[in-house]
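So you can see what is in the structure, the chains are spelled out below.
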Amino acid sequence: MPAPQDGPLLDDAAGRLIRPYTVSNGRTRPTTVLDLLSLVMATGSEPQVHLGPEHTVALELCGGPTSVAEIAAHLRLPAVITKVLLSDLVDCGAVTARAPAFHDMPTDRSLLEAVLDGLRRQL
């Protein structure tokens, strides 16, 4: 019997009950450009198409802004398969995705040196 926290297609004794690429119907290319750090969030709109159990679990994980990497870890699926599932959800309007925000701020060398010194003291 699958463990409830592991999702519908995992079993403690047997492991994954189906191959990861079966989840995406063999697709390996998402229709939406997603980075591992892209933030995905549910829109509150119900999908009008039938989605698989992994889609449902992924949608439940998107209650707040959640990274693609975090969703992949929770689903225990390869990132590329997770991107396909999430792009399906974007296509049907169930989630939105946005690229991570990067700031062109110069790096504070003294801060980096302090972090390095602290790490060295821990080792």
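Residues numbered from 1 in each chain as written. Predicted model: local features only at pLDDT ≥ 70, side-chain atom pairs only at ≥ 80, totals over all residues. Heavy atoms only, no water.

Q: Residues and numbers for the overall build of the chain, please.
A: In terms of helices and strands, the chain carries five helices and five strands. Along the chain, helices (α) and strands (β) appear in the sequence β-β-α-β-α-β-α-α-β-α when read from the amino end. Among the 123 residues that make up the chain, the fraction classed as buried is 31%. For the chain, the proportion of contacts with a sequence separation of at least 24, taken over those separated by at least 6, is 70%. About 8,200 Å² of surface is accessible on the chain, with carbon and sulfur atoms providing 57% of the total. (Helix = DSSP H or I, 4+ residues; strand = E, 2+ residues; numbered from the N terminus. Buried < 20%, exposed > 50% of the residue type's maximum accessible area, 1.4 Å probe, protein only. Contact = heavy atoms within 4.5 Å. Areas by Shrake-Rupley, 256 points an atom, 1.4 Å probe, with all protein chains shown as cover.)

Q: Describe the sheet that holds strand 5 (residues 95–98), and please don't skip the residues or the numbers.
A: Strand order across the open sheet formed by three strands is 4-3-5, with antiparallel pairing between neighbours. Looking at strand neighbours, the two that pair on one side only are strand 4 (66–67) and strand 5, the edges of this open sheet. Taken together, the two bridges between strand 3 (residues 39–42) and strand 4 define a ladder with antiparallel strand orientation. The partner of V40 across the bridge, within strand 4, is T66. (Pairing = 2+ DSSP bridges.)

Q: How would you summarise a nonpolar patch on the surface if you had to cite specific residues and measurements?
A: On the surface, a cluster of nonpolar side chains totalling about 320 Å² of accessible area is made up of L36, L37 and F102. Tracing the backbone shows L36 in the loop between helix 1 (20–23) and strand 3. Here L36 falls in the partly exposed class, since its relative accessible area comes to 39%. (Patch = residues over 30% accessible without salt bridge, like charges linked within 9 Å, V, L, I, M, F, W, Y side chains within 5 Å. Salt bridge = Lys/Arg side-chain N within 4 Å of Asp/Glu carboxyl O.)

Q: Got a sec to walk through helix 3 (residues 68–75)? Specific residues and values, please.
A: All of the buried residues in helix 3 are V68, I71, A72 and L75. Projection of helix 3 onto a plane perpendicular to its axis shows the buried side chains occupying an angular sector of 100 degrees, all on one side. Where helix 3 terminates, the next one or two residues include R76, which has phi positive at roughly 60 degrees. (Arc of directions from axis to C-beta.)

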